[in-house]
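# Summary of structural features
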Amino acid sequence: MDNLNLISNFAEFKELKNIDKATMIGVLEDVFRHALQKQFETDENFDVIINPEKGDLEIWRNRTVVKDGEVENPNMQISESEVKAIDPTYEIGDEYADPISLQSFGRRAVLSLRQNLASRILDLEKANLYEKYSEKVGEIITGEVYQVWKKEVLILDDENNELILPKSEQIPNDYYRKGDTIKAIVKSVEMNNNQPRIILSRTANQFLERLFEQEVPEIFDGLITIKKIVRIPGERAKVAVESYDERIDPVGACVGMKGSRIYSIVKELRNENIDVVNYTTNPQLMIQRALNPAKISSITIDEEKKTASVYLKPDQVSLAIGKGGLNIRLSKMLTGYDIDVYREVEEEDVALTEFADEIDGWIIDALKACGCDTAKSVLELPIEEIAARADLEMEQAQKVVDILKAEFEQ
């Protein structure tokens with residue numbers, strides 16, 4: 001290298017990230033040939049030999065031996081007398097190769113060559129880093145926290161590449177210090193001012209999906225499929241799963257023995273509550289499972305408007321809505337239905353004696369005598385049976401029924 005400090009040594013190229021040896025040699029040769037073109041107007045008659053293992057660089061110029069006085073281009077030809085003074089065995093028409101010293105380029109040319117080389121290597125590193133992480137989008141990576149700022153965290157991977165975890169992609173309960181190990185998914189790779197910017201995320205649904213794949217072998221092997229994930233990061237998530245093997249309980253497999261599998265995921269997500277539900281194409285059943293742990297009394301669905309009216313007992317309403325409305329919000333997101341929750345009003349029965357001012361006393365006594373002492377117990381019977389039991393005319397029986405029904409309609 002003629003001690004020109006073009007690069008400190010070739011060993012540093014071995015340590016360059018993401019650059020294979022063949023590419024590295026190609027870039028070096030290209031840079032030197034560019035310098036030759038500037039110096040000699042052409043590089044066609046030059047051989048550039050690079051051996052990065054030994055740190056060798058050789059440049060040889062090939063010139064044709066011509067008669068004295070016939071040299072038209074000193075870079076392409078050498079006179080017979082000049083070459084014979086070096087080696088008398090050369091004849092006219094032979095190819096003579098002589099080494100080119102880097103010192104012959106001049107200080108300014110060498111400085112320019114060095115800068116060009118550094119720039120090309122840097123651009124190559126950036127391009128390779130961009131390509132490497134573009135292929136990793138959607139994958140989980142593990143890195144080390146290097147710097148914590150107000151709006152983002154700088155993370156280094158195992159090759160000291162810089163990755164960014166923006167505040168918006170952090171779980172609200174996340175807290176980091178320099179040196180902490182962190183897991184996140186590669187969300188996107190951008191090029192800003194020719195600089196690759198690798199964005200990580202811990203709030204993306206796909207991050208939770210990848211965690212399930214790591215913890216649940218049946219998901220990784222494809223025996224269980226995650227149909228849909230909805231999350232409010234750091235608070236709660238719902239995951240709909242389906243098994244293609246009837247022998248496998250998808251919910252049980254995801255939760256694990258005594259919750260061992262789901263516990264690891266919950267811990268990674270800063271204690272985010274995770275509900276795993278069995279997926280079904282039946283909308284009523286899916287809504288019922290999504291609203292778990294609430295027990296639903298009845299559901300009315302409007303398929304066109306994608307709305308569902310859910311009726312529950314009073315003590316189940318708060319369970320369906322959940323803390324801060326999280327359960328109902330996530331259920332809407334999971335099922336795709338706009339769910340309205342209604343409190344089920346239980347109608348109280350009324351004793352027949354309460355109708356003494358509207359129904360004759362002997363009729364009330366007759367109904368009580370045959371086992372009907374409340375309004376509902378009477379209304380549960382066909383009108384013919386009411387007439388027969390109380391020895392009434394059909395018109396009288398109908399009048400009694402109308403009076404009792406009016407009470408509940410009010």
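Residues numbered from 1 in each chain as written. Predicted model: local features only at pLDDT ≥ 70, side-chain atom pairs only at ≥ 80, totals over all residues. Heavy atoms only, no water.

Test applied: UniProt positions are given in the numbering used here, feature names are shortened, and annotations may be inferred rather than shown by experiment.
In the nomenclature of an unreviewed UniProt entry, the protein corresponds to Transcription termination/antitermination protein NusA from the organism Candidatus Alistipes avicola. Reading the Subunit (unreviewed entry) entry of the UniProt record for the protein gives the comment "Monomer. Binds directly to the core enzyme of the DNA-dependent RNA polymerase and to nascent RNA." Word for word, the UniProt comment on the protein under Function (unreviewed entry) is "Participates in both transcription termination and antitermination."

## What about the overall build of the protein?
Here is the rule: Numbering goes from the N terminus for both helices and strands, where a helix is a DSSP run of H or I of at least four residues and a strand is a run of E of at least two. When a residue's accessible area, from a 1.4 Å probe over protein chains only, is under 20% of the maximum for its type it is buried; when over 50% it is exposed; and in between it is partly exposed. Contacts between residues were defined by any pair of non-hydrogen atoms, one from each residue, lying within 4.5 Å. Here the accessible surface of atoms and residues is derived via Shrake-Rupley with a 1.4 Å probe, and residues count as covered only by protein chains that are part of the display. Think of it this way: Lys and Arg go in the positive column, Asp and Glu in the negative one, and His and the chain ends go nowhere. In plain terms, the charge of a residue is placed at NZ if it is Lys, CZ if Arg, CG if Asp and CD if Glu.
Looking only at helices and strands, the protein has 15 helices and 15 strands in total. In terms of its C-alpha atoms, the protein occupies a principal-axis envelope of roughly 150 × 45 × 40 Å. Here the protein holds 410 residues, and 41% of them are scored as buried. Here the contacts in the protein between residues at least 6 apart in sequence split such that 58% fall between residues at least 24 apart. With an accessible surface of roughly 23,600 Å², the protein has 46% of that area assigned to carbon and sulfur atoms. Across the protein, the mean location of the 51 positive side-chain charges is 6 Å away from that of the 77 negative side-chain charges.

## Side note on the UniProt feature "domain: S1 motif" (unreviewed entry) in the protein
In the numbering used here, UniProt assigns the feature "domain: S1 motif" (unreviewed entry) to residues 138–203. Secondary structure within residues 138–203 divides into 0% helix and 58% strand; the distance between the first and last C-alpha atoms comes to 12 Å.

## Looking at the packing of helix α5 (residues 205–215) against helix α8 (residues 260–268)
Our working rule: Throughout, an axis means a line fitted to C-alpha atoms (over the contacting stretch in the case of helices), and angles, computed between N-to-C directions, take values from 0 to 180 degrees. It is the rotation of the near helix from the far one that decides the hand of a crossing: anticlockwise by less than a right angle makes it left-handed, clockwise makes it right-handed. Ten residues, namely Ala, Val, Leu, Ile, Met, Phe, Trp, Tyr, Cys and Pro, are considered nonpolar, four, namely Asp, Glu, Lys and Arg, are considered charged, and the remaining ones, Gly among them, are considered polar.
Contact geometry of α5 with α8 gives a least axis separation of 10 Å together with a crossing angle of 145 degrees. The element α5 and its partner α8 pack so that their crossing is right-handed. For the pair α5 and α8, contact is made by F207, L208, L211, F212 and E215 and by R261, I262, S264, I265 and E268, respectively. Residue composition of the contact of α5 with α8, grouped by class: 6 nonpolar, 1 polar and 3 charged.

## Some thoughts on the nonpolar core
One broad rule of soluble globular proteins: the nonpolar side chains tend to lie buried together. Going by this rule: For this analysis, a nonpolar core means a set of buried residues of the types Ala, Val, Leu, Ile, Met, Phe, Trp, Tyr and Cys, connected via side-chain atoms within 4.5 Å.
The biggest cluster of nonpolar side chains holds 24 residues, and the ones touching the most others in it are L208, F212, V239, L269 and I274. At the level of secondary structure, the elements contributing two or more residues to this core comprise α5, β10 (224–232), β11 (236–243), α7 (250–255), α8 and β12 (273–278). It is α5 that provides the largest number of residues to this core, a total of 4 residues. The contact partners of V239, leaving out residues within four places of it in the chain, are L208, F212, I226, K228, I229, I274, D275, V276 and V277.

## Some remarks on unusual backbone geometry
In the segment running from N292 into P293, the intervening peptide bond is cis, with an omega of 20 degrees. Structurally, P293 is set in the loop between α9 (283–290) and β13 (296–302). Of note, N193 is a non-glycine position whose phi angle comes to about 55 degrees, a positive value. Following the sequence through the fold, N193 ends up in the loop between β8 (181–192) and β9 (195–201).

## Some points on the sheet that holds strand β15 (residues 338–343)
Rule in force here: At least two bridges found by DSSP between two strands is the condition for calling them paired.
Sheet architecture is open: 3 strands sit in the order β13-β14-β15, paired in mixed fashion. With partners counted over all chains shown, the strands left at the sheet margins are β13 and β15, one partner each. The average undirected angle you get between the axes of adjacent strands in this sheet is 20 degrees. Inspection of the sheet shows β13 paired to strand β14 (residues 307–312) by 6 bridges, in the antiparallel sense. Looking at the pairing, I301 lines up with A308 of β14.

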